[in-house]
Amino acid sequence: MVGGGNSGAQIAADLAGSANLTWVTRRPPRYLPDHIDGKALFDVATRRRQALQTGQPDTAGVAGLGDIVAVPPVREARDAGLLRPREMFARLDGDGPVWTDGTRRHADAIIWCTGFRPALSHLAPLRLRTTRGRIPTEGTRAVAEPRLHLLGYGDWTGPASATLIGVGMTARAAVTDIQTTLDTDGG
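Report follows, based on the coordinates. (Residues numbered from 1 in each chain as written. Predicted model: local features only at pLDDT ≥ 70, side-chain atom pairs only at ≥ 80, totals over all residues. Heavy atoms only, no water.)

## Side note on unusual backbone geometry
Next up, step 1: Phi at R127 takes a positive value of approximately 50°, unusual for a residue other than glycine.
Next up, step 2: Here R127 shows up in the loop between β4 (97-98) and β5 (137-138).
Next up, step 3: Its relative accessible area of 74% is what places R127 among the exposed residues. (Helix = DSSP H or I, 4+ residues; strand = E, 2+ residues; numbered from the N terminus. Buried < 20%, exposed > 50% of the residue type's maximum accessible area, 1.4 Å probe, protein only.)

And the structure:
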């Protein structure tokens, strides 16, 4: 699992009890205080906007509180010691991540949750991109690398898959495809 934001932490929490999980983040995770909810986030953001409009110092708003909302599954996994982040690896090879010290880790799957802007440079060694910059897919599965699934790239990988509403349907289809492959391959 790659990513230290909400999606990365929530998916890591969902997998922590049932998979041999390695959670990789660029920096240590910053959990928002457990009591923070949507109203508190709105209030903090409103106070920041008001401060900036009146020339007061920038309070950093919500970003100053942390990056990860401690929803119940994240809080439970964190408190049980199941969410142990590891520093970012240096590269990927055919078997999985490789760290700068030469440590390697086999990975059956890598889930990449690193933000809202498409960034595919980490996949460059796989030589999957076309001249138009996209990776050809069938559903979410990369045509030239069937172990790679891409989600969240708009209509490229599914209708509205870059939205909160659309990603659910696309994610369920990817999970079904992955599970079917594992069942067929005996994994």
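## Concerning the packing of aromatic side chains
Next up, step 1: In total, this model carries two aromatic pairs according to the counting rule given.
Next up, step 2: Between F89 and W99 the ring centres are 6.0 Å apart and the planes differ by 85°, which places this aromatic pair in the edge-to-face class. Taken as a pair, F89 in the loop between β2 (85-87) and β3 (91-92) and W99 in the loop between β4 and β5 lie far apart in primary sequence, ten residues in all.
Next up, step 3: What makes F89 buried here is its relative accessible area of 9%.
Next up, step 4: A residue is classified by how much of its surface remains accessible, and W99, at 3% relative accessible area, is buried.
Next up, step 5: The interplanar angle of 65° and the centroid separation of 5.9 Å between the aromatic rings of F89 and W112 together place this pair among those described as edge-to-face. Of this pair, F89 sits in the loop between β2 and β3 while W112 sits in the loop between β4 and β5; the two residues are 23 residues apart in sequence, bridging distant segments of the chain.
Next up, step 6: Each member of the aromatic cluster is reached from another via a ring pair, and the members are F89, W99 and W112.
Next up, step 7: One residue, R78, lies across the ring of Y31, its end atom 5.3 Å from the ring centre. (Phe/Tyr/Trp six-rings, centres within 6.5 Å; stacked < 30°, edge-to-face > 60°. Lys NZ or Arg CZ within 6 Å of the ring centre and 35° of its normal.)

## Focus: the environment of E138
Next up, step 1: Along the chain, the position of E138 falls in strand β5.
Next up, step 2: We classify E138 as exposed; its relative accessible area is 59%.
Next up, step 3: Along the primary structure E138 and G168 are separated by 30 residues, whereas in three dimensions their C-alpha atoms are 17 Å apart.

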